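# Per-entry structural report
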Amino acid sequence: MLTTTTIVIVVVIVLVLLIVFRGIRIIPQQRVAVVERLGRFHAVLSAGVNIIFPFVDHVVKVLDLRTQQVIVPPQIVITKDNVQIQIDTVFFYTIVEPKMATYNIADVVQGIQNITAANIRQVAGHMELDETLAGRDRISMSLRTALDEVTESWGVRIDRVEIVDIKPPREIQDAMERQMKAEREKRANILQAEGQRQSAILQAEGEKQSAILRAEGEREARIRQAEGLREAQRLEAEGRAQAIELVAQSEKARIELLKASGLDANVLTYQSFDALQGMAKGPATTLFIPSEAVGVLSALGALKKTWQAAGEGTANGESNA
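Heads up: these notes are all about the structure in this document.

### Re the pairing of strand E3 (residues 40-45)
- Here strand E2 (residues 31-37) pairs with E3 via five bridges, running antiparallel. Bridge pairing in E3 links Val35 to Ala43.
- The antiparallel pairing of E2 with E3 creates a hairpin that spans two residues between the two strands, and Leu38 there sits at a positive phi of about 55 degrees.

Here is the structure:
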């Protein structure tokens, strides 16, 4: 049977072990523990193994130092132009002062949510619907500035505030969809008209260039035609000149041969007259008669008159007899 001494020893050992276990606190990474001693703040335990006095020191709260995400309940706000919209918000915060986050506010998350809701109404109330839809960054910046001013005394740092969604009423959405559709059709018509204008301009430019090239081609053709005609006339004139030169040289050679044969001027004049008879039979209506031929013709006319006078005298004598 166990004696009283044994029982007392066992009880003492259990109490010692209990005190030892209660005096050891293991804090996980990225967490801290706020310790009070006899009801007053004593220390902040960091991550790892920590020793406290059992029954004297008491761990009040274990805080997470990691960035926390909190979703704010959807807020119904009225814009400056009296449109009711719903705004969904989410914010991220980090505890930087565990003592202040424990003793300066009872619930950090609820406090941030309430401040966010109040400031959303204030910011959106000074903006029109179109401004709220296009000004999410402006709303987020205003909310973060307002939260920073308050949470600084809570030992909390606001890392980011995001506007998740802004939902206008259904009839406003329908009107916006119709407006967007009309705007798209307007842009399409503008682009189509711009395309037609560019096409007309390009077509006109093409016709202009074509007309210019066609005119230049015709001008070049006329120039080449004139140059060809001029060259043909020059060659024809050169051919005629060469032909005349050849005829003149041939005539010169014939005259020189006649002079060399000993013919006198009367014979040459007679031959010229004989040549005139042949030329008179031709189709020409104008004849150029040499001066020698004119003298021969005059002599022939005088001889003809002499013959005629002699014939008349003979006829008168016979009649008188």
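Following the structure, the description resumes.
### A short note on the packing of aromatic side chains
- Applying the stated criterion to the full structure yields two aromatic pairs.
- Relative to Tyr103, the ring of Phe41 lies with its centre 6.0 Å away and its plane at 80 degrees, an arrangement referred to as edge-to-face. Of this pair, Phe41 sits in strand E3 while Tyr103 is found in helix H2 (residues 98-103), placing the two residues 62 residues apart along the sequence.
- Taking relative accessible area as the criterion, Tyr103 reaches 37% and is therefore assigned partly exposed.
- With 6.2 Å between their ring centres and 40 degrees between their planes, Phe91 and Tyr93 make a pair best called tilted. Of the two residues, Phe91 and Tyr93, neither departs from the other in class, the shared state being buried.

### A few points about the sheet that holds strand E5 (residues 57-64)
- Taken together, the three strands give an open sheet; going across it, the order is E3-E2-E5, and neighbouring strands pair in antiparallel fashion. Of all strands in the sheet, those with a lone pairing partner are E3 and E5, marking the two edges. Neighbouring strand axes in the sheet, compared pairwise and without regard to direction, differ in orientation by 25 degrees on average.

### So, a nonpolar patch on the surface
- Taken together, the side chains of Ile7, Val11, Leu15, Leu18, Ile19, Leu38, Phe53, Phe55 and Val56 make up a nonpolar region of the molecular surface, amounting to roughly 880 Å² of accessible area.
- As for its position among the elements, Phe53 is in the loop between strand E4 (48-51) and E5.

### Remarks on the sheet that holds strand E7 (residues 84-95)
- Spatial strand order, E6-E7-E8: three strands in an open sheet with antiparallel pairing. Each edge of the sheet is formed by a strand with only one pairing partner; in this case those strands are strand E6 (68-78) and strand E8 (156-167). Looking at each pair of strands side by side, their axes are set apart by 25 degrees on average, direction ignored.
- Sheet topology note: the E6/E7 ladder contains nine bridges and is antiparallel. Among the inter-strand pairings, Ile78 is bridged to a residue of E7, identified as Gln84.
- The strands that helix H3 (residues 108-125) touches are E6, E7 and E8; relative to E6, the one it contacts most, it runs at about 35 degrees.

What counts, and where the lines are drawn
- Residues numbered from 1 in each chain as written.
- Predicted model: local features only at pLDDT ≥ 70, side-chain atom pairs only at ≥ 80, totals over all residues.
- Heavy atoms only, no water.
- Pairing = 2+ DSSP bridges.
- Helix = DSSP H or I, 4+ residues; strand = E, 2+ residues; numbered from the N terminus.
- Phe/Tyr/Trp six-rings, centres within 6.5 Å; stacked < 30°, edge-to-face > 60°.
- Buried < 20%, exposed > 50% of the residue type's maximum accessible area, 1.4 Å probe, protein only.
- Axes fitted to C-alpha atoms, helices over the stretch in contact; angles between N-to-C directions.
- Patch = residues over 30% accessible without salt bridge, like charges linked within 9 Å, V, L, I, M, F, W, Y side chains within 5 Å.
- Areas by Shrake-Rupley, 256 points an atom, 1.4 Å probe, with all protein chains shown as cover.
- Salt bridge = Lys/Arg side-chain N within 4 Å of Asp/Glu carboxyl O.
- Contact = heavy atoms within 4.5 Å.

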